[in-house]
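Coordinate analysis (summary)
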Amino acid sequence: MDSHTVRQKFLKFFKDKGHKIVPSSSLVPEGDISVLFTTAGMQQFKGYYTAPENALRDFGTKNVVSVEKCVRTGDIDEVGDDTHHTFLEMLGNFSFGGYGRREAIEYAHEFMTKELGLEISYVTYYKGEGVVLKDEESKKIWEELGIKDIREDGADVFWGPTGDEGPCGPTTEIYCKNANGDDVEIWNIVFNEYFCDGSREKLDQGVATLKKLDTLGIDTGMGFERLLATVQNKKNNYETDVFNSEKTREERIVADHVKASLFLISDGVMPSNTGRGYVLRRLIRRAVRFSKTPLAKKVEKIKKIYEGVYALDDRGEIQKEENKFRETLEKGMKEFKKGTDPFVLFTTYGFPLELTLELAKERGTSVDVEDFNKKLAEHQKLSQTASAGMFKGGLANHEPQTIKLHTAHHLLLAGLQAVVDKNIKQRGSNITEERLRIDFLCDHKLEDVEKKKVEDWVNDKISRGLDVVRREMPLAEAEKLGAEMEFGAKYPETVSVYFIEDPAKDGASKNGNIISKEFCGGPHVKNTSELGVFKIQKEEAVASGIRRIKAVLT
Ligand code: GLY
């Protein structure tokens, strides 16, 4: 039975029992900001457990069935073994007052034994705790169905809630033997009898309370990949037809992470430095790190598996992120192997601490996190007190592209002074991964020829491959040198100044010629040759006497 057949069998079985087939929702949950991703089939139905009357209105029935896309990152370190994934599909049937324990258990039993021909090795039921009673009813139903091995269990068989609050309740689980002869949990049948006013963590700590729901809800979850392995009699999930027989831990991590990334991108998540985007970025970067070859082939193979079932990313986002990160990784790895300080790896090479931690763990070495945090705090303080110069709040991020644009920003200010007016002063700046923005004092709109001249000036400095050097010095000395300062900022005694020197200005001077000097906390590239091609995108007025330029590097 291939994966497609198992999905269809499941949906049809429950359709024939009066369930409406509901498509999977997005991996980005709607209307529940307390969860990052859809982690269970019930996520899209969460609201129906407290307002079951809405189910009839929305579905024309109280019972629904789905195959849900889920992302779970809690076990990311386990990925690479036989059964853990960050992306998984979840088969589930749900009822909002349509039926109770008996039907839920009987349906599951019938589907497992008759439709899939599996043998149940044992089941569990909840032992009861606090306000929740022992689940004698489920036990009795299983006995009537002829199950011999029925086990009482504790916290593991109480499910939910997801996020900050929600429905939850005791469960009964079904275990089967896999091809290795091990018992694996196949199906989790949750009886949503309570509403918890806090997260699961709070519930476990005893600081959240359970309130009985008016209507018993049914919420079941059957991990598809694990079920497939059992049905197809495979020793691990990677031997089923939703993978490509990945053997090593590394190959499996790559397959798993690329798959999760493809699904996340398809649901509109983009790599970034916060929230969902950061999880995606981390997944792609881990995949890059564990893959000896470019990810393109793996991407194509995974897309093929899901052809006709799910539409997956076709904008090539993985490729873009991969290209960006490979550069960082190569440079940073060399430094990492040399034993470079994690903080330098972070500021100069864009290596996030977690990556350094992972690498160190693999090599059995340790990282002084406290020292890193101390340096980071100092660095941030430096930026915040504006001793860092123009970039008051520090750079928005330390992505390689942002750092390049930061250096281009210094060149642009110098170029404006060299080409347009030596009295030009900066009044504001903002740098993202995509572009730089500078606001500066200037009494006229730049002519096209002026813009072209500034561009040429900057590109000339880039093509010359000039060193970018940081020096710490007493404030008085920096002032004497005439380093660019932020208007109105108060600086400490010792400041950091970034210099760009042109050793062959006008092809004459041997001693070098400083073309840019700014009070600045960094980071910057080491040499201007790393920047690419500089281009002004827009020049406009923002206030009387203040102009704004947006520029990019291509
Ligand atoms: N909502 C039940 C499960 O995910 O196991």
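Residues numbered from 1 in each chain as written. Predicted model: local features only at pLDDT ≥ 70, side-chain atom pairs only at ≥ 80, totals over all residues. Heavy atoms only, no water.

An unreviewed UniProt entry lists the protein under the name alanine--tRNA ligase. Quoted verbatim from the Sequence similarities (unreviewed entry) field of the UniProt record, the comment on the protein reads "Belongs to the class-II aminoacyl-tRNA synthetase family." (UniProt positions renumbered as here; feature names shortened; annotations may be inferred.)

What follows concerns the nonpolar core. Counting 79 residues, the largest nonpolar core has Phe10, Met112, Ile174, Trp187, Met222, Leu227 and Val258 as its most contacted members. Counting residues per element, this core draws most heavily on helix H7 (residues 249–266), which supplies 9 residues. Setting aside its immediate chain neighbours within four residues, Val258 contacts Ala287, Leu295, Lys298, Val299, Ile302 and Ile318. Leu395, Ala408, Leu412 and Phe440 belong to the second-largest nonpolar core, a separate cluster that totals 34 residues. (Core = buried A, V, L, I, M, F, W, Y, C linked by side-chain atoms within 4.5 Å. Buried < 20%, exposed > 50% of the residue type's maximum accessible area, 1.4 Å probe, protein only. Helix = DSSP H or I, 4+ residues; strand = E, 2+ residues; numbered from the N terminus. Contact = heavy atoms within 4.5 Å.)

What follows covers unusual backbone geometry. For the peptide bond that leads from Gly160 to Pro161, omega is 0 degrees, which places it in the cis range. Topologically, Pro161 is positioned in the loop between strand S6 (158–159) and strand S7 (166–177). A cis amide bond links Gly522 with the next residue in sequence, Pro523, at an omega value of 0 degrees. Residue position: Pro523 is located in the loop between strand S14 (513–519) and strand S15 (534–543). Of note in the backbone geometry, Asn233 takes a positive phi value of approximately 55 degrees without being a glycine. If you trace the backbone, Asn233 turns up in the loop between helix H6 (224–231) and H7. In this structure, Ser245 takes a positive phi of about 55 degrees despite not being glycine. Judged by its relative accessible area of 31%, Ser245 falls in the partly exposed class.

Now for the packing of aromatic side chains. If you walk through the whole model with that rule in mind, you get 26 aromatic pairs. Judged by centre distance (5.0 Å) and plane angle (80 degrees), the ring pair of Phe13 and Phe14 falls under edge-to-face. Using a relative accessible area of 0% as the deciding quantity, one classes Phe14 as buried. Here the aromatic rings of Phe87 and Phe263 are separated by 3.9 Å at their centres, their planes lie at 15 degrees, and the arrangement is stacked. Here Phe263 lies in helix H7 and Phe87 lies in strand S3 (residues 87–96), a separation of 176 residues in the sequence. Taking relative accessible area as the criterion, Phe263 reaches 1% and is therefore assigned buried. Taken together, Phe10, Phe13, Phe14, Tyr99, Tyr107, Phe111 and Trp187 form an aromatic cluster joined through their ring pairs. For Lys259, the ring lying beneath its charged end belongs to Phe243, and the centroid distance is 3.7 Å. (Phe/Tyr/Trp six-rings, centres within 6.5 Å; stacked < 30°, edge-to-face > 60°. Lys NZ or Arg CZ within 6 Å of the ring centre and 35° of its normal.)

Our focus in this paragraph is the environment of Asp313. Along the chain, Asp313 falls in the loop between helix H9 (296–305) and helix H10 (317–338). The exposure class assigned to Asp313 is buried, which follows from its relative accessible area of 6%. Separated by 226 residues in sequence, Asp313 and Glu539 have C-alpha atoms that sit 35 Å apart. In this view, Asp313 contacts Leu262, Ile265, Ser266, Lys303 and Ile318; residues no more than four positions away in its chain are not counted.

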